[in-house]
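Read off the chains here:
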Amino acid sequence: MFGNNEKVTDALWELSEGKSPIFTKGSVKQITGYSNEEIQKKTWFSLLHPDDVELVKLHFKQALELGQSFNLRYRLCHKSGNWLWLNDRTYDLKETNGTYVIEGIVSDITELIKHQINLEESEAKYRSLQNNIPDVLYKEDGRSQMSYISENIVNILGYTPSEITNEMWAKIVHPDDLPKLQKVSEQIFAEGMPFDLEYRIYHKDGTLKWIHERALAIAEHKKKISSYGIISDITKRKEMEKRLKISEDRWTFALECNQDGVWDWNLVTNSVFFSENWKKMLGYAPDEISHDLMEWDKLVHPEDKVQAYSDINEHIQGKTEWYVNEHRLLCKDGSYKWILDRGKVMEWDDHGTPTRFIGTHTDITERKIAEREKEKLINDLQTALSHVKQLGGLLPICAECKKVRDDAGYYHQIEDFLRSNSDIEFSHGLCPDCARRLYPDFIDEDKTA
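Overview of the structure. Computed from a predicted structure; not experimentally measured.

## Looking at the packing of aromatic side chains
Line of reasoning, step 1. Evaluation of the coordinates by the stated rule reveals 10 aromatic pairs.
Line of reasoning, step 2. The interplanar angle of 15 degrees and the centroid separation of 6.4 Å between the aromatic rings of Trp13 and Phe70 together place this pair among those described as stacked. One end of the pair, Trp13, is in strand E1 (residues 10-15); the other, Phe70, is in the loop between helix H3 (53-66) and strand E3 (71-77), with 57 residues separating them in the sequence. One exposure class covers both Trp13 and Phe70, and it is buried.
Line of reasoning, step 3. Their ring planes at 75 degrees and their centres at 5.9 Å tell us that Tyr323 and Phe357 sit as a pair that is edge-to-face. Of the two residues, Tyr323 is situated in strand E13 (residues 323-330) and Phe357 in strand E15 (residues 354-363); the sequence distance between them amounts to 34 residues. Each member of the pair, Tyr323 together with Phe357, is buried.
Line of reasoning, step 4. Here the aromatic residues Trp13, Phe45, Phe60 and Phe70 are joined through ring pairs into a cluster of three or more.

## Side note on the environment of Phe274
Line of reasoning, step 1. With respect to the helices, strands and loops of the structure, Phe274 is situated in strand E12 (residues 272-274).
Line of reasoning, step 2. Phe274 sits in the buried class, given a relative accessible area of 4%.
Line of reasoning, step 3. Along the primary structure Phe274 and His291 are separated by 17 residues, whereas in three dimensions their C-alpha atoms are 6.8 Å apart.
Line of reasoning, step 4. Dropping the residues within four chain positions of it, Phe274 is found in contact with Val262, Trp263, Lys279, Ile289, Ser290, His291, Asp292, Glu295 and Trp296.

## Considerations on a nonpolar patch on the surface
Line of reasoning, step 1. The grouping of Leu430, Leu438, Tyr439 and Phe442 at the surface amounts to a nonpolar patch, some 480 Å² of accessible area in total.
Line of reasoning, step 2. Accessibility expressed as a relative area gives 71% for Phe442, which makes it exposed.

## Quick notes on empty space enclosed by the protein
One simple way to see leftover space: roll a probe sized like a water molecule over the atoms.
Line of reasoning, step 1. Summed over the entire model, instances satisfying the criterion amount to one cavity of 30 Å³ or more.
Line of reasoning, step 2. One number sums up the size of the largest cavity: a volume of about 120 Å³.
Line of reasoning, step 3. Every residue lining the largest cavity is listed: Trp263, Trp265, Val272, Phe274, Leu293, Trp296, Tyr309, Ile312, Tyr323, Asp341 and His361.
Line of reasoning, step 4. If you list the elements that add at least two residues to the lining of the largest cavity, you get strand E11 (261-266), E12, helix H10 (293-297) and helix H11 (302-316).

## Concerning the environment of Tyr100
Line of reasoning, step 1. Secondary-structure assignment places Tyr100 in strand E5 (residues 99-108).
Line of reasoning, step 2. When its relative accessible area of 18% is taken as the criterion, Tyr100 is described as buried.
Line of reasoning, step 3. When the C-alpha atoms of Tyr100 and Leu64 are compared, they prove to be 5.0 Å apart, with 36 residues separating the residues in sequence.
Line of reasoning, step 4. If we skip the residues at most four places from it in the chain, Tyr100 touches Leu15, Ser16, Ala63, Leu64, Glu65, Leu66, Gly67, Leu93, Lys94 and Glu95.

## Some thoughts on the sheet that holds strand E4 (residues 83-96)
Line of reasoning, step 1. Here five strands make up an open sheet; going across it, the order is E2-E1-E5-E4-E3 and the pairing antiparallel. The open sheet has two edge strands, strand E2 (22-26) and E3, and neither has a second partner. Neighbour-to-neighbour, the strand axes of the sheet open up by a mean angle of 30 degrees, direction not taken into account.
Line of reasoning, step 2. Bridge analysis of E3 against E4 gives seven bridges, and the strand direction is antiparallel. Paired with Tyr74 across the two strands is Leu86, which belongs to E4.
Line of reasoning, step 3. Sheet contacts for H3: E1, E3, E4 and E5; angle to E5, the most-contacted strand, approximately 140 degrees.

## Notes on the pairing of E4
Line of reasoning, step 1. Counting the residues that bridge the hairpin from E3 to E4 gives five residues, and of these Gly81 lies at a positive phi of roughly 100 degrees.
Line of reasoning, step 2. Sheet topology places E4 next to E5; 10 bridges connect them, and they run antiparallel. The partner of Leu86 across the bridge, within E5, is Asp108.
Line of reasoning, step 3. Linking E4 back to E5 in an antiparallel pair, the connection comprises two residues, with Asn97 at a positive phi of about 55 degrees.

## A look at the pattern of salt bridges
Line of reasoning, step 1. This structure, assessed with the given rule, holds 23 salt bridges.
Line of reasoning, step 2. For Lys337, the salt bridge goes to Asp363, with nearest N and O atoms at 3.5 Å. One end of the pair, Lys337, is in strand E14 (residues 336-348); the other, Asp363, is in strand E15, with 26 residues separating them in the sequence.
Line of reasoning, step 3. In this structure Asp363 comes out as partly exposed when scored by relative accessible area, which is 35%.

## Side note on the sheet that holds strand E10 (residues 225-233)
Line of reasoning, step 1. An order of E7-E6-E10-E9-E8 is seen for the five strands of this open sheet, with the pairing classed as antiparallel. In this open sheet, the two edge strands, each paired with only one partner strand, are strand E7 (145-149) and strand E8 (195-202). Taken over all neighbouring pairs, the strand axes of this sheet differ in orientation by 30 degrees on average, direction set aside.
Line of reasoning, step 2. Each of strand E6 (136-141), E8, strand E9 (208-219) and E10 touches helix H7 (residues 178-190); the most contacted strand, E8, lies at about 140 degrees to it.

Reading the values: rules and limits
Residues numbered from 1 in each chain as written. Predicted model: local features only at pLDDT ≥ 70, side-chain atom pairs only at ≥ 80, totals over all residues. Heavy atoms only, no water. Phe/Tyr/Trp six-rings, centres within 6.5 Å; stacked < 30°, edge-to-face > 60°. Helix = DSSP H or I, 4+ residues; strand = E, 2+ residues; numbered from the N terminus. Buried < 20%, exposed > 50% of the residue type's maximum accessible area, 1.4 Å probe, protein only. Contact = heavy atoms within 4.5 Å. Patch = residues over 30% accessible without salt bridge, like charges linked within 9 Å, V, L, I, M, F, W, Y side chains within 5 Å. Areas by Shrake-Rupley, 256 points an atom, 1.4 Å probe, with all protein chains shown as cover. Salt bridge = Lys/Arg side-chain N within 4 Å of Asp/Glu carboxyl O. 1 Å grid on protein atoms, 1.4 Å probe; cavity = no way out; pocket = protein on both sides within 12 Å on 5 of 7 lines; lining within 4 Å. Points joined across faces, edges and corners; volume = space filled by probe spheres on them. Pairing = 2+ DSSP bridges. Axes fitted to C-alpha atoms, helices over the stretch in contact; angles between N-to-C directions.

Structure, rendered in structure tokens:
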């Protein structure tokens, strides 16, 4: 107990006639910094903390006069000026002529007290945390005993901790959710598996609440399994999710009815949600397109890709109010469809950087085909019109031979001139007058009259 190589924390003492204790074994100097002689000069009681002097003197007096043993803790000033915590106790009282000689042992418990103080402060902080966080903490010993549940349970469910038992809990869980809860509860004690579950439960006033319960199994003494858990009220979150789902369903329904595809691009992770209609538009099944930007990238026609990315980047940089681009996408059957791609950045982070980009795809293939056919028709008409020759204005013609003069000053037979300047072709014959003049012997006057 008092080996030379160990730090001495105990010292034996003897006291009689109300003097300072005389230390008989152990090193009081190692504990207090004072030698036995110094303590006798100063007296033990002069080194005590002012708040503890009267209490210590009283116990020593009662021991000397009445033979009462004691076991108490008090503070004493070390020679360095620091305060020590001591545990002082009697272990033998001897009576001589009506007075007692006391033998005792004093121990340095400063480190123990520090640990206790730290533990108390830690527990105080823990209790403060329990009382100030909205969540509920609990401990469950075995399958049927709720050994602890924090006060906040009353804020979530209206019940006090004393009202909560496992049997009562099972009665207020929504019937549809109870089998799931019972299954994971069995697993945590049978297999030591943690669980994380969201389920519905009834408040004391009858309203239905949503809670999120997480629990962890811990093996304690004698291999006993205890469950430590936390319960959070997620009713508001569930209500918001429900409203959001209704809103999204309406939005999706409107777009799907219009046969448009929807995409939702997370600019932080580069993942993209492609709606079922988006995939169906190109002939793909829902599971054939993953949530990755490169799925779109590899389908864009090579001739359209540069302009598509340029328009995307301009919108992300805030240069355009909307992103609008027309490009071709490769279908599953190998053909291409023309797509009108429209979108807008909808969310930003705290630094103003875009984080979410949402848009739609509209199949405009038929419109593009119609535009191409219209353009071809216009080109064909323009080509045809370019070959139509027209004559107009004043023609210089010889009054005698009827030859026509061209722009260079040369005269041509009229049929040659017309043939060169129009699409007219000629068939030759004789009019009646010319026939009589040229062939009078062959012409029957009566028939030509």
